[in-house]
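Spelled out from the first residue to the last, the chains are:
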Amino acid sequence: MRAVSVAVMAVALMTAPSALASEAPSQAALDRLADTIGYRVTVVDNHPTCPEKVGACFLSTITLTLPDKLPQGLGTDGLSLYFSYVNQLPLVESDIFEHRHINGDVQRLTLKPGVKLRPGAKHVVKLWGVGAQFSIERSMPNAYLVSDGLKPRTIAATRVVIDPDTGLDNIPFVDPFKDEARLATKGGADKMRWLTAERAFEQQADRAAPKAAGVVILPKPIKASQGSGKPIDLTGGYTLTLSGVAREAIAPALTALAGSGVGEGGALPLTIRVGSPSLAAEAYALDVTPRGILIEARDAAGASHALRSLTQQATFERGRLRPLRVEDAPLYGFRGLHVDVGRNFHSRDQLLKIVEAMAAYKMNRLHLHLADDEGWRIEIPGLPELTDIGSKRCHDLGETRCLLPQLGAGPDGEGGADGYLSVADYVAIVKAATARQIEVIPSIDTPGHSRAAVRSMEARYARLSKEGKKKAAEEFRLIDPADTTVYSSIQYYNDNTLNVCISSSYHFVDTVVDALAAMHRQAGAPLKTFHLGADETAGAWVNSPACKAMIAENGGDARELTPRFIERVANSLAAKGIRTGGWSDGMGHADPARMPKDVHTNIWTVLHSGAIRETHDQLNRGWQVVLSIPDLGYLDMPYAPHPEEGGYDWAARVVNEHQIYGFMTENLPANAATMRTIFAEEKSIEDQPVRQDGRRIAGIQGQLWSETIRTDRRVDYMLFPRLLALAERAWSPAPWTPTYRAGESYAWKDKRVDHAALNEGWRNFAGRVATQWPLLERMGIDYRVAPPGARVANGKLEANSVFPGTAIEYRPVGGAWMPYTAPVAIRGPVEVRSRSGDGKRASRAVRVEPAQ
């Protein structure tokens, strides 16, 4: 799963006119103040000298500027300001405010007694947080003002804005990052540098790829060749003949082929034969000749994969294909994508679009993270509070209507804060996935990361207790009310863990699983795997009478309660015929002797900080191990180390396509040869413990966590085109990987890794990615347009791109955009940007200027 990242956000104010008596403000005055107060966040230093008792700190400030004319009717009684700040915030310095941490990332500022605020005044609030903030986009929006008896109001200056050129949601109230020495690193061993336009130019020049030619299929097939002779015209259509497979089993792939301009109704034979015993699961052979198209496969999945390959090649060759022969099969049977809809919600339509894109690139597991501390996103019949309350965030400290407004949701649940999948929505997603040979794995995080469930079930308890239905109220309660344990989770919650020592918690899990299984049956796809999370469990329960009684009866101590929970739930699932999945940190503490034999675990430890240990340990238990290593597969991490690139960065400050493409899944220690640490250090990786003979991972999975991802367009941006690199690594071997030998360690640029093969492979891959833009655009995916690299040499602007053929534009600062085609003389600063394949969207602009 994930550890909280370092990020900063600050907001807020309360105010009173210079001579205003202390009285409650009116609604009109509160509204006016929220609309007119100035608000700016400045990240000052990521490695300052820290105040006493504040370690590993960074400093940011909020500058609040009062309007020149304070609203009439504005008093100070009951006036407060709330904001989200996702780091630990041990010290706030202000001459006018007192600070209180509410829960999670929600913070409150209140005026100190006797403070008088004056029109036009500026007040600077110092925030001493733990960690760092490396990106503007990781500040949380929607700070808001509250006064007793009035509707809370979002401070207008803290709302997100949509960039008309990129289409992305941006944070407008954070000052630009300019001081690389203070802001790019944590100091000390941290060697990270911003990827400026000039550095990007140098990097991209080293990796420059030619435009694709020949076979462009992605992921790369095992064998593919083109023959000589006249191109075969597919645009006139085909006549379909099926053997061993029903049309509905391959219908989505046929629809995708039609989208490339190759449809039914013509004379060219398209024959699909399924059931060939000589081919492995999901494997296929594809022949395109003047006599027609022949597809042979072991199963419907293989036939669909062949049609997807045909679609890509037909799109590239505009329906007139050279003779083609492809023989192909996947490297791994598990090729997954995890999408978090718990932190911020993303719609059914967005998920259906993702399902189609996964099928286009031969991915076959969709891991849906349906609940977390910040939201419950799936309807469970009989438990309406889960969605009536748990799917909403707003200003309600009692949480009787909604959850607290974590992650910058504001008082009214803005952005992606609110929403859930109905039973019908979820069934539709499972049906669509099943039709594309994709298994849906639902995830409900337990026993930690369960705050949305805990608070929702407390609201249910209160409702039924008020109705006098005490027994019904207790049925799904998730806490021991006599528990006096004080704890703080990794995201600073004090109440996010369900109690593992009470029977109602297990009854709740069973009820949710049974409801999900029923939805899967309704969709015609039995529930095969349920992911229970099991990660980042805080130090809860130590003072719970129920847990003390359980420990007295069974022995051990509180540290064993989470493993016992995992073991009990896993065996309950096994009895239902369902495999248990979980995150590796929690699963690793379970006793293999007490677990079912069929167990799925996602390795999410950072590469240089224990990924080998957890992977090999859990492989050696005989479990199904899927690599979810953050610095190679967390697609919510930044594309580049740059303050204008969004995403959390606790595990990596850069996760780009080149990095993912180069991932050596079959020999994890070897990745030290190509991968630096989060501090840009070149460190070796030891092979401890060793992987036992015959053990092999089941596959890999990309993760999209959604703390900073509020819109569907931002989902597209963060996933694509990185997901294409992950799809390639899940399907196709990486020939630069040295053979794994137990106990062998690797260092930076180790010569046992075939770096020449990696470079050659990347150039081929980058060319093929550039051919995919029309397919992605046809699916409605707003993929990331990478900003160009640029420099000024000998008075001329030079620019290049990550992927070949990308259109680049430039302009004098403030001038009109012009196409860039070759080095051009400039006299002053210029801005440079890239455009999407269809020309409809632009990258963020970068600035370069001649040397002074």
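What counts, and where the lines are drawn
Residues numbered from 1 in each chain as written. Predicted model: local features only at pLDDT ≥ 70, side-chain atom pairs only at ≥ 80, totals over all residues. Heavy atoms only, no water. Helix = DSSP H or I, 4+ residues; strand = E, 2+ residues; numbered from the N terminus. Buried < 20%, exposed > 50% of the residue type's maximum accessible area, 1.4 Å probe, protein only. Contact = heavy atoms within 4.5 Å. Areas by Shrake-Rupley, 256 points an atom, 1.4 Å probe, with all protein chains shown as cover. Lys, Arg positive; Asp, Glu negative; His and termini not counted. Charge placed at Lys NZ, Arg CZ, Asp CG, Glu CD. Salt bridge = Lys/Arg side-chain N within 4 Å of Asp/Glu carboxyl O. Arc of directions from axis to C-beta. Pairing = 2+ DSSP bridges. Axes fitted to C-alpha atoms, helices over the stretch in contact; angles between N-to-C directions. pLDDT = per-residue confidence, 0-100. Disulfide = S-S within 2.5 Å.

## Some words on the overall build of the protein chain
Within the protein chain, the regular secondary structure consists of 21 helices and 35 strands. Overall, the C-alpha framework of the protein chain stretches about 90 × 80 × 55 Å when taken along its three principal axes. Going through the 852 residues of the protein chain one by one, you find that 61% of them count as buried. Long-range pairs, those at least 24 residues apart, make up 76% of the contacts in the protein chain with a sequence separation of at least 6. Of the roughly 31,300 Å² that the protein chain leaves accessible, carbon and sulfur atoms contribute 50%. When the 98 basic and 97 acidic side-chain charges of the protein chain are each reduced to a single mean position, those positions are 3 Å apart.

## Remarks on the pattern of salt bridges
Taken as a whole and judged by the stated rule, the model has 59 salt bridges. Its salt-bridge partner being R182, residue D45 comes within 2.5 Å of it at the nearest N-O pair. Of this pair, D45 sits in strand β1 (residues 38–45) while R182 sits in helix α2 (residues 180–183), and the two are 137 residues apart along the sequence. Ionic pairing is found between E356 and R436, a salt bridge with its closest N-O pair at 2.7 Å. Of the two residues, E356 is situated in helix α6 (residues 348–360) and R436 in the loop between α8 (423–435) and β23 (439–446); the sequence distance between them amounts to 80 residues.

## Side note on helix α3 (residues 197–206)
Listed in full, the buried residues belonging to α3 are A197, A200, F201 and Q204. Down the axis of α3, the buried side of the element spans an arc of 105 degrees, and every buried residue falls inside it. Facing away from the buried surface of α3 by more than 90 degrees, the exposed residues are E202 and D206. Each element contacted by the buried residues of α3 is listed here: β29 (789–793), β30 (796–800) and β35 (846–848).

## Topic: the sheet that holds β29
An order of β29-β30-β33 is seen for the three strands of this open sheet, with the pairing classed as antiparallel. If you trace the sheet from one side to the other, it starts and ends with β29 and β33 (824–825), each paired once. On top of the sheet, α3 reaches β29 and β30; it is set at about 105 degrees to β29, its chief contact.

## Re the confidence of the model for the protein chain
Taken residue by residue, the protein chain gives an average pLDDT of 95. The fraction at 70 or more is 97%. In the predicted structure, residues 1–21 sits below a pLDDT of 50 and forms 139 contacts with residues beyond four places in sequence or in another chain.

## A look at the state of the cysteines
Under the criterion given, the structure shown has three disulfides. With a sulfur-sulfur separation of 2.1 Å, C501 is cross-linked through a disulfide to C547. The S-S bond linking C501 to C547 shows a torsion near 100 degrees; that makes this disulfide right-handed. On the criterion of sequence distance, the pair formed by C501 in the loop between α10 (470–474) and α11 (503–522) and C547 in helix α12 (residues 545–554) is long-range, its members being 46 residues apart. Given a relative accessible area of 11%, C501 falls into the buried group. The exposure class of C547 is buried, given its relative accessible area of 1%. Sequence-ordered numbering of the bonded cysteines in the protein chain gives a disulfide pattern of 1-2, 3-4, 5-6.

## What about unusual backbone geometry?
Here L218 and P219 are connected by a cis peptide whose omega angle stands at 0 degrees. Along the chain, Q688 connects to P689 via a cis peptide bond; the corresponding omega equals -10 degrees. Tracing the backbone through its elements, the reader meets P689 in the loop between α17 (657–661) and β28 (699–704). Unlike most non-glycine residues, E282 shows phi in positive territory, near 70 degrees. Mapped onto the fold, E282 is located in the loop between β15 (268–274) and β16 (284–289). At K749, a residue that is not glycine, the phi angle is positive and equals roughly 60 degrees. Following the sequence through the fold, K749 ends up in the loop between α19 (722–731) and α20 (755–770).

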